[in-house]
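# Tertiary structure, described
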Amino acid sequence: MKSAILRSAYDPEAFRRNGHELVDLLADYLSALESENEIPANAWTPPQDSLEFWEKELNAPTANTPVQLFGKVMARSVHLHHPRYMGHQISPPAPVAALAGFLGDFLNNGMGVYEMGVSGTPIEHIVIKTVAGELGFDDRSGGYLTSGGSLANLTALLAARSIKSTEPVWETGNGRGLALMVSEEAHYCVDRAARIMGWGAKGIIKIPVNDRFQMRTELLPQYLEKARRDDLTVLAVVGSACSTSTGAFDDLESIGQFCRDNGLWFHVDGAHGAALGLSPAYRSVVKGLNQADSVAMDFHKMLMTPSVTTALIFKDGLNSFRTFNQQAQYLFDRAEEGEWYNLAKRTFECTKLMLGLKVYAILQSHGMAFFAECVTRLCDLGKAFASLIRETPDFELAVDPACNIVCFRYKPPGWSGDPDSLNEGLRKALLMDGTYYVVQTRLKNQSWIRCTLSNPFTTETELTGLLRKIRTLAADQGISF
Ligand SMILES: Cc1ncc(COP(=O)(O)O)c(C=O)c1O
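Residues numbered from 1 in each chain as written. Predicted model: local features only at pLDDT ≥ 70, side-chain atom pairs only at ≥ 80, totals over all residues. Heavy atoms only, no water.

Moving on, we get to the overall build of the protein chain. Across its full length, the protein chain carries 17 helices and eleven strands. The C-alpha atoms of the protein chain give 24 Å as radius of gyration, which agrees with the globular expectation for 481 residues (23 Å, within 12%). Taking the principal axes of the C-alpha coordinates as reference, the protein chain spans close to 75 × 65 × 40 Å. Looking at the 481 residues of the protein chain, the share that counts as buried comes to 52%. Sequence separation of 24 or more characterises 71% of the internal contacts of the protein chain that already satisfy a separation of 6 or more. By element, 53% of the accessible surface of the protein chain is carried by carbon and sulfur atoms, the whole surface being about 22000 Å². Mean positive and mean negative side-chain charge positions of the protein chain (46 and 54 charges, respectively) differ by 3 Å. (Helix = DSSP H or I, 4+ residues; strand = E, 2+ residues; numbered from the N terminus. Rg over C-alpha atoms; globule rule 2.2 N^0.38 Å. Buried < 20%, exposed > 50% of the residue type's maximum accessible area, 1.4 Å probe, protein only. Contact = heavy atoms within 4.5 Å. Areas by Shrake-Rupley, 256 points an atom, 1.4 Å probe, with all protein chains shown as cover. Lys, Arg positive; Asp, Glu negative; His and termini not counted. Charge placed at Lys NZ, Arg CZ, Asp CG, Glu CD.)

In structure tokens form, the structure reads like this:
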């Protein structure tokens, strides 16, 4: 006999009503974004105020239904579907992918073993094979989806350690003396991965970058020699495709050649930019990607998929089975590859969301052309914004963008104040204002405003509007051009 509380929690009719109302709310919101200019891109609230608001809402609810509650959450969130959202590297999810996420959450098939992923596992396998093929990998490639670029990079480096190290680190736990090389502009998760693996600060060798923030690959031989003189065993080089701050793409072909010449593992952190390999117009930017032993690519950064959904692709799919095991080579024969359907052998996660369903739903509804179009549009927007900034005398561009990440700052000619505090103040003012959402970064020891053009519905109107807004906010501080 079901208790009243259980009956109410699982009542199909209440679920139907709430579900319909929620979809109506979201659909109305999407169409309002198309027609109304007044909706802010972000709803900044100081942390303590926000905490108090949600404590109060739990203890003395003002929302009478779940959908009223969801409406309040929406009103107090950052709006990624807004064309004036240009902040962190995260996509406005395609509605069909969000629906797939809803279904995945409802079904909650854990996917560690095939029995719990009878649909989810083959769907994920197909997604990986399809995307790997599109990125230029051959039939030997393989991999899986995992929970974010940070985890994908760590898992790939664990595989590199297992395959390239002669020490049985999996057994001894002693990773001292092992190292990787990576550009000094790489995402911090690579540094964390080396330290998590017990390689310490010495285990991450940072290669300087050029004035376009790309790894100076001509320095790799001398850094490798020095590492050897220092008794370090370098196992891998990580190429950034692209770096986080400026969106700089390392020369993947050169790194690949260097790794092959020296017997090193070549991993590409393509969390943000491997997606360019899906765009015929921008594919050349990631030339050499398919020579990598492993590549991490986030679907939630440029590919309109809810976070976190990351592909970890291995050039030789068999290598993905060696990550968590350093036992004899004979274990990893082709028969093992037949076990593609028991994912937990290869993934960090045991229970895992049905990540593949979100990508598969996009592919089935809109095709690979959708990914190509989104990536192309976002990179085109990056270029358009850079041109606009270059033509505008009171703004300065940090570097020509290679994708959709654009760093710039306000620097009116003739004004002699401190541009760092001006731009930090302007970014803060933008956050409070809410009309646009942008972030900031430090480059060349200076503060810059940083935009990731994440929404394919952003147009030049929003780009010129942002510059105008910044000017207005500066004028409010008595600084004008
Ligand atoms: C280059 C790069 N690698 C890794 C990550 C981390 O990815 P995730 O946030 O999916 O863990 C990021 C995130 O910004 C990134 O830009």
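There's more to say after this.
A few words on the site of the ligand. Around the ligand sit 14 residues in total, of which G149, S150, T244, D269 and D298 are the nearest. The contact in question runs from an oxygen atom of the ligand to an N or O atom on the backbone of G149, over 2.7 Å. For the ligand, whose accessible area on its own is 400 Å², the fraction buried by protein is 85%. Mapped onto the shell around the ligand, the elements with two or more residues apiece are α7 (149-164) and α12 (299-302). For the shell around the ligand, the element with the highest residue contribution is α7, accounting for three residues. Residue composition of the shell around the ligand, grouped by class: three nonpolar, eight polar and three charged. (Near = heavy atom within 4 Å. Polar contact = N/O pair within 3.5 Å; in protein donor to acceptor, adjacent residues only side chain to side chain. Nonpolar A, V, L, I, M, F, W, Y, C, P; charged D, E, K, R; others polar.)

Burial of nonpolar side chains together is a common tendency in soluble globular proteins. Within the largest apolar cluster, 86 residues are counted, with the highest numbers of intra-cluster contacts made by F299, F385, F408 and L466. Sort the elements by how many residues they give to this core and helix α15 (residues 368-390) lands first, with eleven residues. F408 has contacts with F385, I389, F395, E396, L397, A398, W448, I449, C451, L466, L467 and I470, leaving out every residue within four places of it along the chain. If you look at the next biggest cluster of nonpolar residues, it comprises 36 residues, including V182, A194, V238 and L312. (Core = buried A, V, L, I, M, F, W, Y, C linked by side-chain atoms within 4.5 Å.)

Pairing between sheet strands relies on hydrogen bonds along the backbone, with the strands arranged either parallel or antiparallel. Taken together, seven strands build an open sheet; the order of strands is β1-β7-β6-β5-β4-β2-β3 and the sheet is mixed. Either end of the sheet is taken by a strand with one partner, and the two such strands are β1 (142-146) and β3 (204-207). Between one strand axis and the next, the sheet turns through 20° on average, direction left out of account. Relative to strand β4 (residues 233-240), strand β2 (residues 178-183) runs parallel, the two sharing five bridges. The residue bridging L178 from the neighbouring strand is T233, located in β4. Those strands touched by helix α11 (residues 252-262) are β2, β4 and β5 (265-269), and its axis lies near 155° from that of β5. (Pairing = 2+ DSSP bridges. Axes fitted to C-alpha atoms, helices over the stretch in contact; angles between N-to-C directions.)

The subject of this paragraph is the packing of helix α5 (residues 95-107) against helix α14 (residues 355-366). Axis separation between α5 and α14 bottoms out at 8 Å; the angle between their running directions is 140°. When the axes of α5 and α14 are compared, the pair comes out oblique. With respect to the hand of their crossing, α5 and α14 are arranged in right-handed fashion. For the pair α5 and α14, contact is made by V96, A97, A100, G101, L103 and G104 and by L357, K358, A361, I362, S365 and H366, respectively. (Parallel < 35°, antiparallel > 145°, perpendicular 65-115°, else oblique. Left-handed = near helix turned anticlockwise from the far one by under 90°.)

The pLDDT averaged across the protein chain works out to 94; a share of 97% of its residues lies at or above 70. A low-confidence stretch, residues 328-332 stays under pLDDT 50, and its non-local contacts, those more than four residues away or across chains, total eight contacts. (pLDDT = per-residue confidence, 0-100.)

Within this structure, the stated rule accounts for 19 salt bridges. Among the salt bridges present, the one from R283 reaches E134, with a minimum N-O distance of 3.6 Å. Note that R283 is positioned in the loop between β5 and β6 (294-298) and E134 in helix α6 (residues 120-134), a separation of 149 residues in sequence. For E134, a relative accessible area of 32% puts it in the partly exposed group. Two residues, D191 and R195, come together in a salt bridge whose shortest N-O distance is 2.5 Å. One end of the pair is D191 and the other is R195, both in helix α9 (residues 188-196) and four residues apart, which spans about a single turn. On the basis of relative accessibility, which here comes to 43%, the residue R195 falls in the partly exposed class. Through salt bridges that share partners, E396, R409, K411, D420, E424 and R442 make up one connected network. (Salt bridge = Lys/Arg side-chain N within 4 Å of Asp/Glu carboxyl O.)

Another point: the sheet that holds strand β10 (residues 439-443). Strand order in the open sheet formed by four strands is β8-β9-β11-β10, and the pairing between neighbours is antiparallel. What marks the edges here is a single partner per strand, and that holds for β8 (395-397) and β10. Averaged over all adjacent pairs, the angle separating strand axes in this sheet is 40°, with direction ignored.

Let us now look at the environment of N342. Here N342 shows up in the loop between α13 (334-337) and α14. Judged by relative accessible area, which is 18%, N342 ranks as buried. Expressed as a C-alpha distance, the spacing of N342 and G112, which sit 230 residues apart in the sequence, is 6.5 Å. Filtering out sequence-adjacent residues up to four positions away, N342 remains in contact with G112, V113 and Y114. In terms of polar contacts, N342 uses its side chain to reach the backbone amide nitrogen of Y114, at 3.0 Å.

This part is about the packing of aromatic side chains. Taken as a whole, this structure holds 15 aromatic pairs when the rule is applied. Between F385 and F408, the aromatic rings sit 5.3 Å apart at their centres with planes inclined by 75°, giving edge-to-face as the arrangement. Taken as a pair, F385 in helix α15 and F408 in strand β9 (residues 405-410) lie far apart in primary sequence, 23 residues in all. Grouping residues by exposure puts F385 and F408 together as buried. Clustering of aromatic rings is evident, with ring pairs tying together F385, F395, F408 and Y410. Taking the ring centre of F321 as reference, the NZ or CZ of R346 above it sits at 4.5 Å. (Phe/Tyr/Trp six-rings, centres within 6.5 Å; stacked < 30°, edge-to-face > 60°. Lys NZ or Arg CZ within 6 Å of the ring centre and 35° of its normal.)

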